[in-house]
Amino acid sequence: MVTPVHDLGAASVRFVEELGRLARFGANIAAAMLRPPLRIGRFVDELFKLGVLSLIIICLCGIAVGAVIGLQGYNTLIRFGAANSLGAVVGLSLIRELGPVLTALLVTGRAGSATTAEIGTMVVTEQLDGLRMMSVDPVHYVVTPKALAMIAVMPLLSTLFTLFGIFGGYVIGVRIMGLDAGTYMTSLEDAVDFENDVAGSLLKALVFGILVGLIATYRGYTTAPTSAGVAAATTSTVVIASVCILVFDYFITALWGV
Amino acid sequence: MRRSSTRDFIVGLFVLAGLAAVAYLSLGVGGVSYSGPKGLLLVAKFDEIGGLKKRAPVVISGVKVGEIADIALADDYRAKVTLTLDPKLKLPVDTTASIVTAGVLGDRYVSLQPGGDDHLLAPGDQIEFVESAVILERMLGKLIHNTDVGGSKDNPSAKEKATAE
Amino acid sequence: MTTDLTSTPRTDSAHLAFRNVCMAFGDRQVFDGLSFSFPPGRISVILGGSGSGKSTALRLIGGLIQPLSGTIIVDGNDITRLSERQMYRVRAKLGMLFQGGALLDWMSVYDNLAFPLRERRQLRGDAIAARVRETLVAVGLDGADDLLPSQLSGGMIKRAALARAIIMRPLILLCDEPFSGLDPISARRIEALLSEINQRFTITVVVVSHDIPSTMRMASQVLVLLPDGAVEGTPAELQAATDPRIASFLNPDLDAAALHEAGRVEALPSRAQTGTTW
C-alpha cells in the first residue's frame, strides 16, 4: 500500500530534478552562445543538416495536409453554400495550428532524433571527452550550434509548410473542384490577420524550435554510455518533444488568442 | 575545416526562401492593419450590431477603407463602435454608416455612404446617420406574424380557415 | 592503502601523484586511500584486471571526473581544487589517447590533427601544415591525410589518435589501453612509438594496460591495482616481490603450488586469499 505512493513521490522528485538539470543545460547553452569564437561554420553546417535536408519532407507533407484540408473543407462547406470560404479555412487551419505543430512534429522525428543520435554516439565513443581533453567545451562546440540551428530553422520550415499547404488546398479547391482562384486567395487574405494569426504562428514555431533544440541536445548529451543508450535516448527525444509540443501548443493558443 | 561553398550557398538559399515565405505570409496574406495612431478614428452608435466583430472591415462602395477598432456599451445602452479608417479619407458630416451582412449567412461589416455636406468629419467625431443591423430571425418573425393576422376574404389565413371548417 | 616497493625517496614537488584518493560510483567503491607517484619524463604503467579502476585513475588525472576525497597533483597543481574552466589550462599540458581513439568522426585525419592547433590559435596556416605533416610521419601515417576515421584500420586509428594527443607537445601523455583490440604486430608498433615519443620529446607517459609483457618491457614505474590494495614499484622490484598477490598477478599461468615450488612465494595462499577473479 505504501510502496506505490513512495514510488510516486520518488518519481516526482526525480522528475523535478531532471527539469532542473535541463534548465541548467539550457542556461549553459545560452551562455555559450555569447562566448567567442562564434562557430559560424558549425552553425551553417547544422542549418544545412536540420533545415535543408528537411525540405523535402516538409514540402511533401505540407502539400498533402493542405490538400486534405481542402478536400474535407470543401465537402463540409459546400453543404452550407460557403465553398467560397475554402481559402480562409485552409489558410487559417494551417497558419494557426497545423503549420507550426505538424512542422515541429516532423522535424522532431527527422532532425531531432538525428541530433540526439549524433551527440549520443559522440558520448559513447568518448569524442566529447576527447574535446574536453583538448580544452574545447563540448557544449560550446557541438551542442550550441545544433540548438541554435534548430531554433532558427523552425519558423522558416513552418512557414514553408504553411505555404505548401495553401498551395495543396489550392490544387484541390481550384484545379479539381473548380472554385475560382481569385475567390480562394481573397477569402484567404481577408480572413488572415498578421497580429492574430501570422505572428502567433511564428511565435509557436519559435517556441517549438527552442523545445526541440533543447530536448534533443540534452537527451543526446546525457546518453548512457552503453550500446542501448543511444537508441533509448533517441526514442525519448521523440516522445518527450512531441508531448511538449502539443501541450505548449495549447497554452500558447490559449494565451495568444482572444 | 574544409567545407564546400556549394553547401553554404544552398543554406543561404534556404534561409532566403524561408524569410521570403515569412514576409509573404505576413504582408501579402496577413495584410497591413490600419492601427490606432495612423488611422482616422470615428465613432458611431447603433441600436443593434448583430454579431459585428472587432477588426471587421469598413467599406465604401465595396472597397475596404478601414476596420472596426473597438466595440463597447455606451451609457445609453446603445452599442458604441469605434472605426479606424484610412487617414486620407474626407468624409462629410452627413455620411451614413450601415451594418450589413456579407451574403445571407456571412460576417457583418460596416458600409459607409458618404453624404454631400461641405463640412467634413474630424477625427473623433460621431457619425450621426446610422442603420443598425437587421436580425434575420426578427424579420422572419414579423413576416410570419403579418401573414397569420392579415388574411383577406379571398385569401383566408390559416387560422380563419380552421375556424371556418 | 598502497604498498611502496621503491627504494628511492619520494619528492614533494611531484610531477604526477595521487594522495589518499577515494573514489566510488554509487555504492561501488573503486579506490580507498590510493596514493602513488610517477617520475617525470618516464613511462609509467597502471596495471590491473577488469574493473580494477585503471581507466578511472586515468580519467581522474585528466580531470574528467572528480574524486570523493584526496589530492591529485598534475605538474605541481592540485587539480581537485580547480573548476572546469581552470582545468582547461591544465589540460593544455596533457594529451590523452582514448581506448577507441575518440577521433572526431566527421573530419579527416588531417583535420583531426589540426583541430587542437587551430583551436589554440598559436600557429598560422603553414606552420600548422608543417606540424601536422611532421607528426603524421612520426607515427607512420604519412599519406593518410584525407582519410576519414571510418576508413582506418584499428591500428591506424590508434596511431592517428596518438598523433593528435602529442601534436601540442604536452608534458604528460595519458594512454587508455593503447594495445587493446590490436594484433600483436600493431601492438608492438604502438609500444615502439610510445617509447620513441617518450625519449624523443621527453614526455611523461602514463599507460593503462592489462598486458604484462609489454609493461615489463617499457615501464620505469608500475602501479598494480589489486582488489584489496595497490602496489607500486619498478618492474624489477615487482618481479622480485614475494607477496603472493603480486606473484600470481604477474604469472597467471602458474598456479599457487608451482609458484611456491619456484621459491617465488613465501607461503601458500589460503583459499580465502585467492578468492579473487581476474
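Quick caveat, the model's predicted, so the values are computed rather than measured.

Here is what the cut-offs are and how they apply
- Residues numbered from 1 in each chain as written.
- Chains lettered and ligands numbered in written order.
- Predicted model: local features only at pLDDT ≥ 70, side-chain atom pairs only at ≥ 80, totals over all residues.
- Heavy atoms only, no water.
- Contact = heavy atoms within 4.5 Å.
- Buried area = accessible area lost by both parts, 1.4 Å probe.
- Helix = DSSP H or I, 4+ residues; strand = E, 2+ residues; numbered from the N terminus.
- Nonpolar A, V, L, I, M, F, W, Y, C, P; charged D, E, K, R; others polar.
- Salt bridge = Lys/Arg side-chain N within 4 Å of Asp/Glu carboxyl O.
- Polar contact = N/O pair within 3.5 Å; in protein donor to acceptor, adjacent residues only side chain to side chain.
- Axes fitted to C-alpha atoms, helices over the stretch in contact; angles between N-to-C directions.
- Parallel < 35°, antiparallel > 145°, perpendicular 65-115°, else oblique.
- Left-handed = near helix turned anticlockwise from the far one by under 90°.

Enquirer: Which parts of the structure should I look at to understand the interface of chain A and chain C?
Expert: Residue-level contacts link 18 residues of chain A with 24 residues of chain C. A combined buried area of about 1800 Å² lies between chain A and chain C, and 60% of that area is made up of carbon and sulfur atoms. In terms of residue count, the dominant contributor to the side of chain A that touches chain C is helix 5 (residues 127-133) of chain A (6 residues). Grouping the constituent residues of the side of chain A that touches chain C by class yields 8 nonpolar, 4 polar and 6 charged.

Enquirer: Honestly, the interface of chain B and chain A in this entry has me stumped. Any pointers?
Expert: It is common to give the size of an interface as the accessible area that goes away when the parts come together. Every contact between the two is made by 22 residues of chain B and, on the other side, 29 residues of chain A. Of the roughly 2200 Å² buried between chain B and chain A, counting both surfaces, carbon and sulfur atoms make up 75%. A salt bridge links Arg-7 of chain B to Asp-45 of chain A, with the shortest nitrogen-to-oxygen separation between them at 3.9 Å. For the pair chain B and chain A, the interface holds 0 residue pairs in polar contact (both at pLDDT 80 or more). In terms of residue class, the side of chain B that touches chain A is built from 12 nonpolar, 6 polar and 4 charged.

Enquirer: Can you walk me through the packing of helix 3 (residues 109-120) of chain C against helix 4 (residues 125-139) of chain C in this structure?
Expert: When two helices pack together, you describe them by how their axes are tilted relative to each other and by the distance separating the axes. Residues and elements named next belong to chain C. The geometry of helix 3 relative to helix 4 is characterised by a closest axis approach of 10 Å and an angle of 125° between their N-to-C directions. Between helix 3 and helix 4, the angle falls in the class oblique. Both helix 3 and helix 4 take part in a crossing whose hand is right-handed. Counted together, Val-109, Tyr-110, Leu-113, Ala-114, Leu-117 and Arg-118 of helix 3 and Ile-128, Ala-129, Arg-131, Val-132 and Leu-136 of helix 4 form the full contact between these two elements. A breakdown of the residues in the contact of helix 3 with helix 4 according to their chemical character gives 9 nonpolar, no polar and 2 charged.

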